[in-house]
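Analysis of the macromolecular model
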Amino acid sequence: MKRLSVIIIAAVFVISLFSLASCSKSSKSEQMKNMQSQQVNTQSPEESIVRKGQIDLNAIDKNHDGKVYQDQMHWNVISDVPGICPLCDMRLQEVTIDKARENLKENGFDVK
Ligand SMILES: [Zn+2]
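Bear in mind that the values here come from a model prediction, so they are computed numbers and not experimental data.

About the thresholds
- Residues numbered from 1 in each chain as written.
- Predicted model: local features only at pLDDT ≥ 70, side-chain atom pairs only at ≥ 80, totals over all residues.
- Helix = DSSP H or I, 4+ residues; strand = E, 2+ residues; numbered from the N terminus.
- Buried ≥ 20, exposed ≤ 12 C-beta atoms within 10 Å, placed from the backbone.
- Contact = placed C-beta atoms within 7 Å.
- Pairing = 2+ DSSP bridges.
- Axes fitted to C-alpha atoms, helices over the stretch in contact; angles between N-to-C directions.
- Core = buried A, V, L, I, M, F, W, Y, C linked by C-beta atoms within 7 Å.

Observations regarding the overall build of the chain
Within the chain, the secondary structure is distributed over four helices and three strands. Across the 112 residues of the chain, 12% fall into the buried class. Long-range pairs, those at least 24 residues apart, make up 48% of the contacts in the chain with a sequence separation of at least 6.

This is the structure:
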């Protein structure tokens, strides 16, 4: 009788250990999923035209035509190709690099 109860306790212990392990495993994989989706969001092309930190206009002007497309409300939203500002849905305006730099400096942005 004593031995039986020991076996039952051991079995309960093992089962609870297994369920704990599977539980923490599933929550971990969910965390991984969340992290992956966040990474996808930050890498989407729309987000990437929102410039942060020091803005390098020559690097943005990939086709070297001396012109970029800049949002007239969010000066740090700059693209080398025509597009829409992801922040306010306004069409980006074609400006020369010099004009874009002037706009950025006037509005306190750090330009290379
Ligand atoms: Zn905008």
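Digging into the sheet that holds strand β2 (residues 78-79)
A sheet is described by the order of its strands in space; here three strands give the open sequence β2-β1-β3, paired in antiparallel fashion. Whereas interior strands pair on both sides, the edge strands pair on one side only; in this sheet they are β2 and β3 (93-96). Pairing of strand β1 (residues 67-70) with β2, which is carried by two bridges, proceeds in the antiparallel orientation. Bridge pairing links Y69 to S79 in β2. Relative to the sheet, helix α4 (residues 97-106) contacts β1, β2 and β3, its axis offset from that of β3 by approximately 100°.

Considerations on the pairing of β1
Walk down a regular strand and you will see the side chains alternate between the two sheet faces. Sheet analysis places β1 next to β3, joined by four bridges and oriented antiparallel. Opposite K67, over in β3, you have T96 as the bridge partner.

Concerning the nonpolar core
Counting nine residues, the largest nonpolar core consists of I49, L57, V68, Y69, V77, I78, C85, L92 and A100. V77 has contacts with I49, V50, Q70, D71, C85, L87 and L92, leaving out every residue within four places of it along the chain.

Let's talk about unusual backbone geometry
Phi at H64 takes a positive value of approximately 55°, unusual for a residue other than glycine. Along the chain, H64 turns up in the loop between α3 (57-60) and β1. H64 gets classed as exposed once you count the C-beta atoms within 10 Å, which come to 9. Phi at D89 takes a positive value of approximately 65°, unusual for a residue other than glycine.

Notes on the environment of K52
Residue placement: K52 occurs in the loop between α2 (45-48) and α3. Put simply, K52 and V77 are 25 residues apart on the chain and 9.0 Å apart in space, counted from C-alpha to C-alpha.

Some thoughts on the environment of K105
Position of K105 relative to the elements: it lies in helix α4. What makes K105 exposed here is the crowd of 12 C-beta atoms within 10 Å.

The analysis is restricted to geometry; functional conclusions fall outside its scope.
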